[in-house]
Amino acid sequence: MNRLNQTFAAAKRDGRKLLCPFVTAGYPSLESTPQIIHAIAEALGPGGGVIELGIPFSDPIADGPVIQASYTQALAKGCTVDKALATAKSARGLGVSIPIVAMVSFSIIFKRGTAEFAKACADAGIDGIVLPDIPLEEAPAIVDTIRDAGLRTILLVAPTSPADRRAAIARLCDGFVYYLSVSGTTGERKELPTDIGPNVEALRAITQVPVCVGFGISTADQVRQVTAVADGAIVGSALIRRISEKSTPAEAAKQAGAFVKELVAGVQ
Amino acid sequence: MTTSIEHGAARLSSEQVATQKLNPRAVKAVPDVHGHFGQYGGMYVPETLMGAVRQLADEYERAKKDPAFKEQLNYYLRQFVGRPTPLYFAQRLTELGGGAKIYLKREDLAHTGAHKINNTIGQTLLTLRMGKKRVIAETGAGQHGVATATAAAAFGLTCDVYMGSEDIRRQNLNVFRMRLMGTRVISVESGSKTLKDATNEAMRDWMGSVAHTHYIIGSVVGPHPFPQIVRDFQSIIGIETRQQCLDTFERLPDAIVACVGGGSNAAGIFYPFVEDSGVKLFGVEAGGRGLNPGDHAASIGFGKPGVLHGSLSYVLQTPDGQTADVHSVSAGLDYPGVGPEHAYWKDAGRVAYSSITDKQALEAFQILAQREGIIPALESAHAIAFALQQARTMSKDQILVINLSGRGDKDCVEVARLLETAKS
């Protein structure tokens, strides 16, 4: 069984929710990423969450300024796709056993070829792929190819997605459904919309697949609010912001671990 | 949702796509319902935008069938834009070429000084039909920004235009024109600070504003239905050219030349001729400073199939799929991608694409000014330079049409600077 499915199944059985911290591969440096992942895994505890590993892209249209800047810096410092995937492998070498999913633009996947890219992910110890810029219309063949490599696919549902699309998207997701708390780009929001609860409930009514919520979540309070209804909360920009661009690998790992510990307190 | 599987690009690498050949007879009957031109096109955008993209596609289908929309569009094209634009015989340019008779399709005479207005009027009318109150746009040379600002002012919409800071420097006059018409020009400092980055920022804006904002994409790029909508609104150029040729020469032209950045003016003049195999079509890309990566913006000439800004087409990318740096003296051609229909025409062998360097374009810019009393946009100067070469290979009874896509007032300060630098 795929690590991702296992983790969600165990959490469901135990009545726990998950925290899904987002890490940019190669930020603040390639050397620091495996240590950051390791520190986060420690802070989450066994089965406590899923790491989302952002593969840097030159033109991430779904990302706000914080993640954009982390991608730009990682690329400027020489992060390639292979090196980004290798950070997951190194993290596995450090004993990280929680699921890792890659968040990656289809521009990068297509260039390599979906089958080859999925295989490279599997070889690096990655369990699933989040497709932030693939809508329902383009998804079916891509999802099949990713599944053939033994990986799971995570597609996004937006607050603007009508009910029939939500159902069709959920049917294609075999990892989890990524529900966007807001219409817009990634980045911290002071307040989350009040319709997250009803929207997640509506998703649950149409799918057995776990539902995680992301975009705009930045505090333990917001994690509490989200995990009260969803299976997991995804935190990206707020975590990246805690990691100073000049940190050594050890400092970066410490900064990331400490913030994730803070967020874990909010998990229901 | 299985319809996209047979078109799905998932199992193909960029190399494989490039080698697939197309059926020439089907060249005009594109795109399909999901926006595929052969393997190209599609809708590679975040789910957040899909509601707006589908709403636009639906509204456009309704508008196309509505005689009142057609009448309204034609009214504004005639009375506001000043169409039809002339097909002008360039006698002294023809003499210089010494071959085919050269005619200029005078899009530079359209209101605001370029073909871009054909599309912004059309999309603004669609915006009104959708009940949206705000429009946004990206701009490189500033011509699309000005055309959007103009339409927004004429119809009372709020307008924000994203423009790379490097282009703001190069195209200061257009920045002033936009601001004068009440548009907010937002400077983009990310990446290469040019058209690609302005497009990213406009898409990010749209991610958060889809409910009340329409994004007027200025070229035949982006997710479906944009490549089709922009092509259709720009096709007025080719439709008029065709009629003018039939009225004047009682036959079609032998060759048509247009510059290609994203490719809207070229798509507009080519599309109505695509099934006329006797009419040779030439697309001219920006050859920049030379052939090395980063020195040009010739996506079809040097690029490979890839995904950028919502569609699959020829793209200049690194081996990893990161968007490559590009360069052109002309801000409007300074873009690492090209519309998916051009990729389709290239593979079908219907359009021949080549490139012209910065230096050749600057020469053509001056040649047209001196021999015809017309200052062309630097973008259009690429087409002129190529057309002069092409005309020489043709006989004197043949007819070559250049799409003179815009006027060059906006470029005068930058050209003066470049000529001064070249002297010293």
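Residues numbered from 1 in each chain as written. Chains lettered and ligands numbered in written order. Predicted model: local features only at pLDDT ≥ 70, side-chain atom pairs only at ≥ 80, totals over all residues. Heavy atoms only, no water.

Enquirer: What exactly am I supposed to notice about helix H5 (residues 116-129) of chain B here?
Expert: Structurally, the α-helix is built with 3.6 residues per turn, so residues lying three or four positions apart point the same way. All names here are of chain B. The terminal C-alpha atoms of H5 lie 20 Å apart, and with 14 residues this matches the ideal 20 Å at 1.5 Å per residue to within 8%. Burial analysis of H5 places 12 of its 14 residues in the buried class, which makes it a mostly covered element. Burial in H5 covers these residues: Lys-116, Ile-117, Asn-118, Asn-119, Thr-120, Ile-121, Gly-122, Gln-123, Thr-124, Leu-125, Leu-126 and Thr-127. Of the residues flanking the end of H5, it is Gly-131, one or two places downstream, whose phi is positive at about 75 degrees. (Helix = DSSP H or I, 4+ residues; strand = E, 2+ residues; numbered from the N terminus. Expected span 1.5 Å × (residues − 1). Buried < 20%, exposed > 50% of the residue type's maximum accessible area, 1.4 Å probe, protein only.)

Enquirer: Whenever I open this one, the sheet that holds strand E13 (residues 351-357) of chain B confuses me. Can you help?
Expert: Strand pairs in the sheet, formed through backbone hydrogen bonds, run parallel or antiparallel to each other. All names here are of chain B. Spatial ordering of the open sheet is given by E3-E4-E14-E9-E10-E13, a layout of 6 strands whose pairing is mixed. This sheet does not close on itself; its edge strands, each paired only once, are strand E3 (87-89) and E13. Put simply, the sheet's adjacent strands are angled 30 degrees from each other on average, direction ignored. Of the strand pairs in this sheet, E3 and strand E4 (residues 101-106) are connected by 3 bridges, and their pairing is antiparallel. Within E4, the position partnered with Leu-87 by the bridge is Lys-105. (Pairing = 2+ DSSP bridges. Axes fitted to C-alpha atoms, helices over the stretch in contact; angles between N-to-C directions.)

Enquirer: Teacher, can you tell me more about the pairing of strand E6 (residues 158-164) of chain B here?
Expert: For a regular strand, side-chain orientation follows a simple rule: the groups alternate between the two sheet faces. Residue and element names in this part refer to chain B. In terms of burial, E6 is largely enclosed, as 6 of its 7 residues are buried. Pairing of strand E5 (residues 134-139) with E6, which is carried by 6 bridges, proceeds in the parallel orientation. For Thr-139, the partnering residue across the bridge sits in E6 and is Met-163. Note on the crossover from E5 through helix H6 (residues 143-155) to E6: the handedness is right-handed. Bridge count between E6 and strand E7 (residues 184-188): 5 bridges; the pairing is parallel. Each residue of the ladder has a partner; that of Val-161, found in E7, is Val-185. (Right-handed = clockwise from strand over helix to strand, strands pointing away.)

Enquirer: What should I look at first to understand the sheet that holds E7(B) in this one?
Expert: All names here are of chain B. What the 4 strands build is an open sheet, ordered E7-E6-E5-E8; its pairing is parallel. Lying at the two open borders of the sheet, with one neighbouring strand each, are E7 and strand E8 (213-215). Pairwise comparison of adjacent strand axes, ignoring direction, gives a mean angle of 25 degrees for this sheet.

Enquirer: I keep staring at the nonpolar core and nothing clicks. Help me out?
Expert: A general trend in soluble globular proteins is that nonpolar side chains are found buried together. Counting residues in each nonpolar core, the largest one holds 180 residues, and the members touching the most others are Tyr178(A) and Trp345(B). Of all the elements, helix H2 (residues 47-64) of chain B adds the most residues to this core, at 7 residues. In this structure, Tyr178(A) is in contact with Glu52(A), Met103(A), Val130(A), Ile154(A), Leu155(A), Leu156(A), Val157(A), Cys212(A), Gly214(A), Phe215(A) and Ile234(A), ignoring residues within four places of it in sequence. Ranked by size, the runner-up nonpolar core spans 37 residues in total, among them Cys259(B), Leu333(B), Leu362(B) and Val415(B). (Core = buried A, V, L, I, M, F, W, Y, C linked by side-chain atoms within 4.5 Å. Contact = heavy atoms within 4.5 Å.)

Enquirer: Just checking my understanding: could you explain unusual backbone geometry for this structure?
Expert: Peptide bonds are, in most cases, trans, and in most cases residues other than glycine have a negative phi. A cis amide bond links Val30(B) with the next residue in sequence, Pro31(B), at an omega value of 0 degrees. Mapped onto the elements of the fold, Pro31(B) is located in the loop between helix H1 (14-19) and strand E1 (36-37). Here the bond from Arg83(B) into Pro84(B) is cis, since omega is -5 degrees, no more than 30 degrees from zero. Among the secondary structure elements, Pro84(B) is positioned in the loop between helix H3 (67-81) and E3. A positive phi angle, close to 85 degrees, is found at Phe215(A), a residue other than glycine. Positive phi outside glycine occurs at Glu250(B), with the angle close to 55 degrees. In this structure, Glu250(B) sits in the loop between helix H11 (236-249) and strand E9 (255-259).

Enquirer: Would you explain a nonpolar patch on the surface in this entry?
Expert: Residues and elements named next belong to chain B. On the surface, a nonpolar cluster with roughly 320 Å² of combined accessible area is contributed by Phe-176, Leu-180 and Met-181. Inspection of the secondary structure puts Met-181 in the loop between helix H8 (172-180) and E7. Residue Met-181 is classed as partly exposed on the basis of its relative accessible area of 30%. (Patch = residues over 30% accessible without salt bridge, like charges linked within 9 Å, V, L, I, M, F, W, Y side chains within 5 Å. Areas by Shrake-Rupley, 256 points an atom, 1.4 Å probe, with all protein chains shown as cover. Salt bridge = Lys/Arg side-chain N within 4 Å of Asp/Glu carboxyl O.)

Enquirer: Could you clarify how one ought to interpret empty space enclosed by the protein in this entry?
Expert: Leftover empty space is mapped by rolling, across the atoms, a probe with the size of a water molecule. Under the definition given, this model contains 5 cavities of 30 Å³ or more. Approximately 380 Å³ is the volume attributed to the largest cavity. Taken together, 31 residues make up the lining of the largest cavity; nearest its centre are Lys116(B), Leu195(B), Ser219(B), Ser264(B) and Gly332(B). Those elements that place two or more of their residues in the lining of the largest cavity are E5, H6, helix H9 (195-209) and helix H12 (264-270) of chain B. Its residues placed into classes, the lining of the largest cavity shows 10 nonpolar, 17 polar and 4 charged. When its volume is computed, the second largest cavity comes out at roughly 240 Å³. Around the second largest cavity, the lining comprises 22 residues; the ones closest to its centre are Phe57(A), Pro60(A), Ile61(A), Ser105(A) and Asp133(A). Its residues placed into classes, the lining of the second largest cavity shows 14 nonpolar, 5 polar and 3 charged. (1 Å grid on protein atoms, 1.4 Å probe; cavity = no way out; pocket = protein on both sides within 12 Å on 5 of 7 lines; lining within 4 Å. Points joined across faces, edges and corners; volume = space filled by probe spheres on them. Nonpolar A, V, L, I, M, F, W, Y, C, P; charged D, E, K, R; others polar.)

Enquirer: Can you help me understand the interface of chain B and chain A in this one?
Expert: It is common to report an interface's size as the accessible area lost on association of the parts. In this assembly, 43 residues from chain B lie in contact with 45 residues from chain A. Between chain B and chain A the total buried area reaches about 3,600 Å² when both faces are included, carbon and sulfur atoms providing 56% of it. Seen at the junction of chain B and chain A, the total is 4 salt bridges. With a closest N to O distance of 3.0 Å, Arg54(B) and Glu137(A) form a salt bridge. Across the side of chain B that touches chain A, the residue classes break down as 19 nonpolar, 16 polar and 8 charged. (Buried area = accessible area lost by both parts, 1.4 Å probe.)

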